[in-house]
Structure formats: structure tokens, C-alpha cells
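Summary of the model geometry
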Amino acid sequence: KAGVTQTPRYLIKTRGQQVTLSCSPISGHRSVSWYQQTPGQGLQFLFEYFSETQRNKGNFPGRFSGRQFSNSRSEMNVSTLELGDSALYLCASSLRGSSTEQFFGPGTRLTVL
Amino acid sequence: DQQVKQNSPSLSVQEGRISILNCDYTNSMFDYFLWYKKYPAEGPTFLISISSIKDKNEDGRFTVFLNKSAKHLSLHIVPSQPGDSAVYFCAASLYGGATNKLIFGTGTLLAVQP
């Protein structure tokens, strides 16, 4: 069974631009969560989607948004990029809502110049 | 406000010895705790978890201890192997882990020397 895939793996943007990251969960998984990893901050929860509905949201500004499609694939969007948005963005999928069944993708490394 | 803290950014241990990774938390409402392991260029992988109704959980070489009164948990790896070298994150959850919203610590880089 294929794991969680994230595209692109690396991305370079400039301040003020917007970016869309994509996550394809493991086949059959209905829940997708997003995390931001920065040095010194660990992984910080962005949001969780389950069956196309946002179920949980972290403490991030409105520039960060996401959505989930009917095939469970998810995208997250960051508008008006800031230097501080440079991070590794991780996506995790699970069959339902249990964190022990959460499988992470390799992440998208975003660099904002 | 960092609700889950890993105060040691790095730890170096000899192969065959015990590795002890520590984690402290501030929110007494957390009721489920997990440890994840992360290699470079890969996503975190689940290692072991513990519910707040327990004080110990063991899985092979890995044991997690929970001290609720001190709001402290630790991961013991015995014996340590070079392949254990990675970044270890502890994470906490509400609602018994029945949610994907996890609060992570900042991680501890474990280096196991051959």
C-alpha cells in the first residue's frame, strides 16, 4: 500500500506570494492533518480534515487555509507569504480520528526569500 | 506557550547502553501521550504511546514512563542501537488520543555511538 505522498517536496517562494501544497493520504484514509515544523518550535498543528470537513484548527493566522476533496486528498494554501513561513510542512493521514494510527508523509520544504 | 517541552535538544549514548529521553508538559488535561521518531527527509513515525491511566507501557526495547504528578514522561530505549539515531518527539493529546490534533515538543536528537 502506498504511503502518504506530498507534492512538491521542495518549494522556493518570495515574500508576498502564495503557495499551495498537496497531500495524498493512504488509500482508504479519510482524515488528513497538517503540521508545520520549524527549528526550535517542533511540530505545530495547523488543521485536520475528515470527510471534507475541517474538524480541528490550530492557532495560525487566516493566511493559512486548507481543504479536503471527496477523494480525501488535501491541499493547504498560504497566502501573502512571510519569511517566517519557511518551514517543513507535514501531512498525516489516518483511517479515522485516532492519533496512534496517524501516518506522516515526508513533508514539503518551503523556503520563503 | 510551549505546552510540551523537551529540554534536551540532543543526547549522545554508547551502543548497548540505555537512552533516556525526557518530556515535560504543562496542561493537566492531556490524557494521552505519544513518542514519534523522525529520520532526516522522512516524516515522523509512531513509536509508542501511553494513556494517562497508566504509568508505564512497554514495547520491546522501548518503554515509556508517565509521572502525572510531576507532569513528566520519559522514553527509555534499552539497549540502544546505532539505528536508533534520530530525532525523537513527544506529543500529547486530549480526548484519549481519539483526535489527530497533537501538541508536540521541540524534539531531542539522539545519537547512538557504535
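A brief look at the structure comes next. The structure displayed is predicted, hence computed values, not measured ones.

Across all of its chains, the model carries 13 aromatic pairs over all chains by this definition. Taking the centre distance of 5.5 Å and the plane angle of 85 degrees together, the rings of Phe 104 of chain A and Tyr 36 of chain B count as edge-to-face. On the criterion of chain membership, the pair formed by Phe 104 of chain A in strand β10 (residues 103–104) and Tyr 36 of chain B in strand β4 (residues 32–38) is interchain, its members lying in two chains. Take Phe 104 of chain A and Tyr 36 of chain B: they sit in the same class, and that class is buried. Seen in terms of ring centroids, Phe 104 of chain A and Phe 104 of chain B are 6.4 Å apart; in terms of plane orientation they differ by 80 degrees. Their pairing is edge-to-face. Remark: Phe 104 of chain B occurs in strand β10 (residues 103–104) and Phe 104 of chain A occurs in strand β10; the pair is interchain, linking two chains. An aromatic cluster is present here, built from Tyr 35, Phe 45 and Phe 104 of chain A together with Tyr 36, Phe 46, Phe 89 and Phe 104 of chain B joined pairwise through their rings. We note Arg 55 of chain A situated over the ring of Phe 50 of chain A; from NZ or CZ to the ring centre the distance is 4.5 Å.

Taken residue by residue, a regular strand's side chains alternate between the two faces of the sheet. Residue and element names in this part refer to chain A. Burial along strand β11 (residues 108–112) is one-sided: Thr 108, Leu 110 and Val 112 are buried, while Arg 109 and Thr 111, pointing the other way, are not. Bridge count between strand β2 (residues 10–13) and β11: 4 bridges; the pairing is parallel. Bridged to Ile 12 within β11 is Thr 111. Alignment of strand β9 (residues 87–94) against β11, held across 3 bridges, turns out to be antiparallel. Along β11, the bridge assignment pairs Tyr 89 with Thr 108.

What follows covers the sheet that holds strand β3 (residues 19–24) of chain A. All names here are of chain A. As summarised here, the arrangement of the 4 strands in space is β1-β3-β8-β7, forming an open sheet in which the pairing is antiparallel. In this open sheet, the two edge strands, each paired with only one partner strand, are β1 (5–7) and β7 (64–68). Strand-to-strand twist across the sheet, computed as the mean angle between neighbouring axes with direction ignored, equals 20 degrees. Judged from the 5 bridges that link them, β7 and strand β8 (residues 74–78) form a sheet pairing that is antiparallel.

By definition, a disulfide links two cysteine residues through a covalent bond between their sulfur atoms. All names here are of chain B. One pass over the structure, following the stated rule, counts 2 disulfides over all chains. Shown here is the disulfide that connects Cys 23 with Cys 90, its sulfur atoms set 1.8 Å apart. Linking Cys 23 and Cys 90, the disulfide has an S-S dihedral of approximately 60 degrees and is accordingly described as right-handed. Separated by 67 residues along the polypeptide, Cys 23 in strand β3 (residues 19–25) and Cys 90 in strand β9 (residues 86–93) bring together distant segments of the chain. The residues Cys 23 and Cys 90 share a single accessibility class, namely buried.

A separate point is the interface of chain A and chain B. Across the contact, 26 residues belong to chain A and 22 residues belong to chain B. Across the chain A/chain B interface, buried area totals approximately 1,700 Å², and carbon plus sulfur atoms make up 52% of it. There are 0 salt bridges connecting chain A and chain B. Linking chain A to chain B there are 2 residue pairs in polar contact (both at pLDDT 80 or more). Of the residues assigned to the side of chain A that touches chain B, the class counts are 7 nonpolar, 14 polar and 5 charged.

Moving on, we come to the nonpolar core. All names here are of chain B. Residues Phe 33, Trp 35, Leu 73, Leu 75 and Tyr 88 are the most contacted members of the largest nonpolar core, which totals 23 residues. Taken together, the elements giving at least two residues each to this core come down to β3, β4, β5 (45–51), β7 (62–67), β8 (72–77), β9 and β11 (108–113). With 4 residues, β9 is the single largest residue contributor to this core. For Leu 75, the residues in contact, after removing those within four places along its chain, are Ser 19, Ile 20, Leu 21, Trp 35, Leu 47, Ile 48, Phe 62, Thr 63 and Tyr 88.

Here is what the cut-offs are and how they apply
- Residue numbers restart at each chain and count upward from 1, following the sequence in its written direction.
- Each chain gets a letter, beginning with A, and each ligand a number, beginning with 1, in the order they are written.
- The predicted nature of this model means local features are confined to residues of pLDDT at least 70 and side-chain atom pairs, given and counted, to a pLDDT of 80 or more, with totals for whole chains, interfaces and linings taken over all residues.
- The side-chain figures draw on all heavy atoms in the structure; neither hydrogens nor water molecules are used.
- Between 30 and 60 degrees the pair is tilted, below 30 it is stacked and above 60 it is edge-to-face, where a pair is any two Phe, Tyr or Trp rings, Trp via its six-membered ring, whose centres lie within 6.5 Å.
- In this text, helices come from DSSP runs of H or I with a minimum length of four residues, and strands from runs of E with a minimum of two, each type numbered from the N-terminal end.
- Per-residue accessibility, obtained with a 1.4 Å probe over protein chains only, is compared with the maximum for each type, and a residue is labelled buried under 20%, exposed over 50%, and partly exposed between these values.
- Counting as a charge over the ring demands two things of the Lys NZ or Arg CZ atom: a distance within 6 Å of the ring centre and an angle within 35 degrees of the ring normal.
- One requirement defines pairing of two strands: DSSP has to find at least two bridges between them.
- Where helices are involved, their axes are fitted lines through C-alpha atoms of the stretch in contact, as for all axes, and angles between N-to-C directions lie from 0 to 180°.
- Note on terminology: pairs of cysteine sulfur atoms within 2.5 Å are recorded as disulfides.
- Residues are treated as being in contact if the distance between any of their heavy atoms lies within 4.5 Å.
- The term buried area refers to how much accessible surface (probe radius 1.4 Å) is lost by two components on association, counted for both of them together.
- Here, a salt bridge means any side-chain nitrogen of Lys or Arg that lies within 4 Å of a carboxyl oxygen of Asp or Glu.
- Pairs of N or O atoms are called polar contacts if they sit within 3.5 Å, as long as, within protein, a hydrogen donor faces a hydrogen acceptor (for residues adjacent in sequence, only side-chain-to-side-chain pairs).
- Residue type decides the class: Asp, Glu, Lys and Arg count as charged, Ala, Val, Leu, Ile, Met, Phe, Trp, Tyr, Cys and Pro as nonpolar, and the leftover types, Gly among them, as polar.
- In this description, a nonpolar core means a group of buried Ala, Val, Leu, Ile, Met, Phe, Trp, Tyr and Cys residues linked to one another through side-chain atoms lying within 4.5 Å.

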